[in-house]
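Here's the letter readout for the chains.
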Amino acid sequence: MRRSPATRRQFLHAMGRAGGFSATYLSMQAMGLLATPASAQTTKPNLPAGSGAGKHVVILGAGIAGLVAAYELGKAGYRTTVLEARGRVGGRVWSVRGGDRVEQIGRPDQYCQFQNGFYMNAGAARLPTAHTTILGYARQFDVPLEVMVNVDRSAHWDYNKDAVTERQAVNDTKGRIAELLEKSLAGNSLDTAMTPDDKEKLKTYLAQWGALGKDGSYTGSDRNGYKVDPGGFAHPPQTMDPLTLHRIIEDGFWGGGLSFEETFDQQAPMFQPVGGMDRIAYAIYGHVKDDVRLNTPVTAVGQIDNGVRVMLADGGMVEGDYVLCTLPATMVKKLTMRLSAAKKQALANTLYGISTKVAWESPRFWQDDGIMGGLAFTDQPNALVWYPSGDWYNPRGILMTAYSSGGFGPTPGVANGASSAGQKFAGMTADERFAVCKDVVERMHPGKSGLLEKPLTVSWTQTPWSEGIAANWRPEQRTTDYAELCKPEGRVFFAGEHLSYIGAWQEGAALSSFEAMKLIAARSAGDKVVTRKA
Ligand code: PHE
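Residues numbered from 1 in each chain as written. Predicted model: local features only at pLDDT ≥ 70, side-chain atom pairs only at ≥ 80, totals over all residues. Heavy atoms only, no water.

(A) Layout of the nonpolar core. Grouped together as the largest cluster of nonpolar side chains are 56 residues, with contacts concentrated most on Trp157, Phe253 and Tyr387. Per-element tally for this core: the top contributor is helix H12 (residues 430-444), with six residues. Ignoring anything within four residues of it in the chain, the contact list for Trp157 reads Asp162, Ala163, Val164, Glu166, Ala169, Phe253, Gly257, Leu258, Glu261, Leu375, Ala376 and Phe377. Within the second largest apolar cluster, 45 residues are counted, among which are Tyr71, Tyr78, Val288 and Val292. (Core = buried A, V, L, I, M, F, W, Y, C linked by side-chain atoms within 4.5 Å. Buried < 20%, exposed > 50% of the residue type's maximum accessible area, 1.4 Å probe, protein only. Helix = DSSP H or I, 4+ residues; strand = E, 2+ residues; numbered from the N terminus. Contact = heavy atoms within 4.5 Å.)

Right, here's the structure in full:
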């Protein structure tokens, strides 16, 4: 006789009842539900419809992790309450528009004066194609996307206070390196490394790759653009003089901007939502609005019999079965909450990076140089100038003249990611930052910096409710502090970009939220439904 197979859910329920949460968690691990093979990383928690019935999850923070949780848990029948300190959703996804107030800790307020329709993405600003989860929500909720141009070889890079186009930086670097290698192929030094046949072929490739002349020398090429442009009839072009190898080595763009573009998540064409990055967050918000309480800071999180109690700054409280805390570690540290010594230590060990942006409204003078977007890197403390993509015929646009960072993601030109320039720029007054930006823009676009208007600056270390841009994990912390912060603490679960391997991206926030939801589902499968006053 065949036994009727118990469903996976019944099994987990039984396990949960018999052994409590940890047994459920362990059996889920054993069943592969919590394993993290590459293919499973982007899967949604797929919580069965109705599986959350009778359970109330109090979610702290209405950034991407919190909004995604509210949406997915809601679909599974959980009741959710999202408590958000700010008057807006999105967290570090923040599009600042005309009329908005920018509050920075210990600094005067700024008021955005951009014309209607313009915005500054103070935080998240680009979406690579690899980030299928966040792109999936954009598609699901019909958020129009447009191409965000992340690389434009026409951009003028400013190193050593002497601007060159990215074309020159790229092609002269290739040419000079190809020339060097060609020279060493001519001697015998590489004979043990290569066969004579391979050497001959490599010479041919080098000539193509570096645009070398017949004699293997590099004298520049038309890849860089022209000193005198080509025209009709009697107008042949004149190519530009190549940068010397010495200059290329001195300038630092080789280790800076050029290596930034090799980052996996950074690609030439990216996406952005039309009208501001916050459109995705707001689209998800549209489906969970009734459960989100804006302007509701939380002061304390306590675990009570069979539940949790969250204390609000306004004196109120919210009770539920579980808490999903999506606040950055910088803010978790400030909550009154009983945490294990290990968790406290891990929180203390978690460092956050810096990110400071400056944006202006301006006529589109850069288009005279054929610049359609992309990044112009500099060795000055503003780090880069980021040109707007799209809206080509609009006479005006928003120019981002600083994205100065440190301690998260690869920082151009800085091997370990800890950029003192990022620190220095964040420490400047707004006016000092604006002056640095104008100076750099003047070198990139002589005579044009006076056209920049209505500056606005946001530094995430100085932004209330964030106090940092993203966690800065040293690799060895992944098995210690990071692993500790991923663990639930009783009925309190955690998510956020800092609890992912895709830090400082919306994708990481969403995926960490998925993992937290799987844990909540496992836990809740073993817990009784408790009747509680609303
Ligand atoms: N996501 C952020 C950005 O694109 C930060 C980051 C930069 C993360 C580079 C990783 C690599 O600017």
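Once the structure has been displayed, the description carries forward.
(B) Representation of the pattern of salt bridges. The tally for this structure, following the rule as stated, stands at 28 salt bridges. Salt-bridge contacts for Arg474 lead to Glu476; the nearest nitrogen and oxygen are separated by 3.1 Å. By relative accessible area, which is 48% here, Glu476 ends up partly exposed. Close ionic contact of Lys518 with Glu515 constitutes a salt bridge, the shortest N to O distance being 3.2 Å. Here Glu515 and Lys518 lie together in helix H14 (residues 506-526), a separation of three residues that amounts to about one turn. Salt bridges here are not isolated pairs; linked through shared partners, they connect Lys343, Glu484, Lys487 and Glu489. (Salt bridge = Lys/Arg side-chain N within 4 Å of Asp/Glu carboxyl O.)

(C) View of the packing of helix H2 (residues 64-75) against helix H3 (residues 132-140). Where H2 meets H3, the axes come as close as 13 Å, and the angle between the chain directions of the two elements is 55 degrees. With respect to H3, the axis of H2 lies oblique. Viewed along their axes, H2 and H3 form a crossing whose handedness is left-handed. Contacts from Ile64, Val68, Tyr71 and Glu72 in H2 reach Ile134, Tyr137 and Gln140 in H3. (Axes fitted to C-alpha atoms, helices over the stretch in contact; angles between N-to-C directions. Parallel < 35°, antiparallel > 145°, perpendicular 65-115°, else oblique. Left-handed = near helix turned anticlockwise from the far one by under 90°.)

(D) Quick look at the sheet that holds strand E17 (residues 322-325). Spatially, five strands are ordered E13-E2-E1-E17-E24 in an open sheet, and the strand pairing comes out parallel. A single partner strand is all that each edge strand has here, and the edge strands are strand E13 (292-293) and strand E24 (492-494). Note: E17 against E24, three bridges, orientation parallel. Counted as the bridge partner of Leu324 is Phe493 from E24. (Pairing = 2+ DSSP bridges.)

(E) Inspection of the sheet that holds strand E14 (residues 298-304) at higher detail. If you trace the four strands from one edge of the open sheet to the other, you get E16-E15-E14-E18, paired in mixed fashion. A strand with exactly one partner marks an edge of an open sheet, and here the two such strands are strand E16 (317-320) and strand E18 (336-337). Judged from the four bridges that link them, strand E15 (residues 307-312) and E16 form a sheet pairing that is antiparallel. Note on E16: the bridge partner recorded for Met311 is Met317.

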